[in-house]
Amino acid sequence: MDADKRDSFTVSVGDLLASWNLPHATGRVYGLLLVSEEPQSLDTIAAELSLSKGSVSTAVRQLDSWGLARTIPQPGSRRLLVEAAGGIASLLEASHARAGTLIAALREGEDLVGPGPARRRLQDVIGLFESYVDVGNQMLTPYRRQRERRP
């Protein structure tokens with residue numbers, strides 16, 4: 001793959017994930033992992049992206065926690081290899097789970113207000129997040145079915 005195109009791609013993925021409040025470096029690491037044929041070492045990732053090994057390690061932990069990457073221990077070594085896992089759908093699923101938690105918290109707020117402007121505001125926000133979750137679930141349903149069918 002052309003190095004300039006790869007660099008442009010990793011920066012674009014970094015920008016995208018940064019817009020979702022993940023560090024830019026985390027998005028760049030994810031972008032590199034997506035286009036890597038083989039699992040990569042932390043040293044290789046750091047060199048490819050001109051990042052510190054500490055930044056790469058933090059990024060890999062974040063990606064792993066979101067289900068976007070997995071680490072592969074190397075027998076007899078502390079060295080890890082990393083590969084992309086799941087996909088952006090994993091990030092969307094996690095976002096929807098968080099939105100569900102927010103909806104539950106907002107519903108508790110309804111008990112704190114009477115039938116006035118504050119209740120209407122809460123209901124509007126709850127409705128917006130419920131719509132977000134509903135649309136997201138419609139988008140993710142085919143992906144989930146496809147994933148369930150994989151051996």
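Residues numbered from 1 in each chain as written. Predicted model: local features only at pLDDT ≥ 70, side-chain atom pairs only at ≥ 80, totals over all residues. Heavy atoms only, no water.

## What to know about the pairing of strand β3 (residues 80-84)
Step number 1: Bridge count for strand β1 (residues 40-41) against β3 is two bridges, and the pairing is antiparallel. In the strand pairing of β3, S41 is matched with L81.
Step number 2: Here strand β2 (residues 69-73) runs beside β3; their pairing, made up of five bridges, is antiparallel. Pairing of R70 across the sheet is with E83, part of β3. (Pairing = 2+ DSSP bridges. Helix = DSSP H or I, 4+ residues; strand = E, 2+ residues; numbered from the N terminus.)

## Overview of the confidence of the model for the protein chain
Step number 1: Summing up the model confidence of the protein chain, the mean pLDDT is 88 and the portion of residues at 70 or higher is 97%.
Step number 2: At the level of individual helices and strands, the protein chain shows its lowest average pLDDT in helix α5 (residues 88-110), which scores 82, and its highest in β1, which scores 96. (pLDDT = per-residue confidence, 0-100.)

## Thoughts on helix α3 (residues 42-49)
Step number 1: Buried within α3 are the following residues: L42, I45, A46 and L49. Relative to the axis of α3, the buried residues are bounded by an arc of 100 degrees and lie together on one face.
Step number 2: Where α3 is buried, its residues meet α1 (3-18), α2 (24-34), β1, α4 (53-65) and β3.
Step number 3: Positioned one or two residues after α3, S50 has a phi angle of 55 degrees, which is positive. (Buried < 20%, exposed > 50% of the residue type's maximum accessible area, 1.4 Å probe, protein only. Arc of directions from axis to C-beta. Contact = heavy atoms within 4.5 Å.)

## Regarding the side chain of E110
Step number 1: Tracing the backbone shows E110 in helix α5.
Step number 2: A residue is classified by how much of its surface remains accessible, and E110, at 13% relative accessible area, is buried.
Step number 3: Setting aside chain neighbours within four positions, we find E110 in contact with R119, L122, Q123 and I126.

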